[in-house]
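Below are the chains, spelled out letter by letter.
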Amino acid sequence: MKYTQLGRTGLKVSRLVLGTMNFGPQTDEPTSHGILDAALDAGLNFVDTANVYGWGENKGRTEEIIGTWFAQGGGRREKTVLATKVYGSMSRDGETWPNEDRLSALNIRRAVEASLKRLGTDYIDLYQFHHIDRRTPFEEIWQAIDVLIQQGKILYAGSSNFPGYKIAQANEAAARRGMVGLVSEQCLYNLYERRAEMEVIPAAQEYGLGVIPWSPLHGGLLGGVLKKETEGKRRTEGRAAETLADPAKRKQFQAYEDLLDKHGLEPGEVGLAWLLTRPGVTGPIVGPRTVEQLESALRALELELSDEVLRGLDEIFPGPGPSPEAFAW
């Protein structure tokens, strides 16, 4: 396993992040525990979840699965850098009572306590704001976080789905309080979806945040979806089907798979390996449903992409260019 520092912190984390969103809805508890054990055995120490995972009437279920894994002992909790999130309503009946969501000091306090109980631990390494809260000032948010840090219930704070200007606002507000502020940003970023390069990643680099890309294979589109479709291994549906219905986009993904086939490379591994070459990226989140999928993701760590392949990828999926020149000149 390869490790790096999380942003400007002294916290050392693996260059792949184990995403757990499938634990509960798609992957049962024993299989989830098997994936967590396999990840830890491989040296993957960074585990990401959220209080709302489990979804619907099962919100919180994913945190509970991680909690029962920690309860098995064997140093599982001590070896894990644990990240979870707060923002969404935890109501299971669709009716949210006032102060049961977003980032008010009251909801943050309640949400942390509930997550700690489900996770069976007394502290969270990285507590992330799942979305911006346009109604709550950062002064209030940081006051709540400061109390939790002083209590030892969280160690670091991070953001998710923040635009660049909100990263700046958040950290300037934290600096005024003499606090460390955000240390990471979890954003949508992959070969196909590169808009984060416009403002989010430059802001993260400027303020010393580690970038944690989610959906690194864009819902499976970068995982060789056309070949799997042709071979009958996978039926394309949802967002992937909508994207591939556009002839120009389908041609783009075909060019991607043809390029990698020419070099004898696996698309899913390349999608992850490309992100590992990007400036500011700590590590992409992988969300395996099986141990075999985890093993495939781990192989990306050993993959060295040639200059020829990197140039070819840029030609197929060109980024927006440097900021602000890409949109200003």
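Now for a quick tour of the structure. For clarity, every value in this text was computed on a predicted model and none was experimentally measured. (Residues numbered from 1 in each chain as written. Predicted model: local features only at pLDDT ≥ 70, side-chain atom pairs only at ≥ 80, totals over all residues. Heavy atoms only, no water.)

1. Focus on the pattern of salt bridges
Going through the model one piece at a time under the given rule, you end up with 17 salt bridges. Among the salt bridges present, the one from Arg 61 reaches Glu 29, with a minimum N-O distance of 2.6 Å. With Arg 61 in helix α2 (residues 61-70) and Glu 29 in helix α1 (residues 29-41), this pair connects stretches of sequence that are 32 residues apart. For Arg 61, a relative accessible area of 29% gives the class partly exposed. Between Arg 76 and Asp 37 there is a salt bridge, with its nearest N and O atoms 3.1 Å apart. A residue pair is termed long-range when its members are at least 10 positions apart, and Arg 76 in helix α3 (residues 76-79) and Asp 37 in helix α1 qualify at 39 residues. (Salt bridge = Lys/Arg side-chain N within 4 Å of Asp/Glu carboxyl O. Helix = DSSP H or I, 4+ residues; strand = E, 2+ residues; numbered from the N terminus. Buried < 20%, exposed > 50% of the residue type's maximum accessible area, 1.4 Å probe, protein only.)

2. Re the sheet that holds strand β5 (residues 81-86)
The sheet built from eight strands is open, its strands ordered β9-β8-β7-β6-β5-β4-β3-β10 with parallel pairing. Looking at which strands have only one partner, the edges of the open sheet turn out to be β9 (210-214) and β10 (285-286). (Pairing = 2+ DSSP bridges.)

3. Remarks on the nonpolar core
Among the nonpolar cores identified, the biggest contains 80 residues, and Ile 108, Tyr 127, Phe 129, Trp 142, Ile 145, Tyr 256 and Leu 313 are the most heavily contacted of them. Those residues in contact with Trp 142 that sit more than four places away from it in its chain are Phe 129, Ala 157, Ala 170, Ala 173, Ala 174, Arg 177, Met 179, Gly 181 and Leu 182. (Core = buried A, V, L, I, M, F, W, Y, C linked by side-chain atoms within 4.5 Å. Contact = heavy atoms within 4.5 Å.)

4. Here we look at the pairing of strand β6 (residues 124-129)
Successive residues of a regular strand alternate their side chains across the two faces of the sheet. Most of β6 is tucked away: six of the six residues are buried. Across four bridges, β5 lies against β6 in parallel orientation. Bridged to Ala 83 within β6 is Leu 126. Crossover β5 to β6 through helix α4 (residues 105-119) is right-handed. Sheet topology note: the β6/strand β7 (residues 154-160) ladder contains five bridges and is parallel. Following the sheet pairing, Phe 129 is matched in β7 by Ser 159. Each parallel crossover has a hand, and the one from β6 via helix α5 (residues 138-151) to β7 is right-handed. (Right-handed = clockwise from strand over helix to strand, strands pointing away.)

5. So, helix α10 (residues 247-262)
Taking 1.5 Å of rise per residue, the 16 residues of α10 would be expected to cover 22 Å, and the 22 Å separating its terminal C-alpha atoms lies within 8% of that figure. Along α10, the residues that are buried comprise Phe 253, Tyr 256, Glu 257, Leu 259 and Leu 260. Viewed along the axis of α10, the buried residues span an arc of 155 degrees, placing them on a single side of the element. Residues Pro 247, Ala 248, Lys 251, Asp 261 and Lys 262 are exposed on α10 and point more than 90 degrees away from its buried face. Turning to α10, the residues buried within the fold contact α8 (225-230), α9 (238-244), α11 (267-276) and α13 (307-316). (Expected span 1.5 Å × (residues − 1). Arc of directions from axis to C-beta.)

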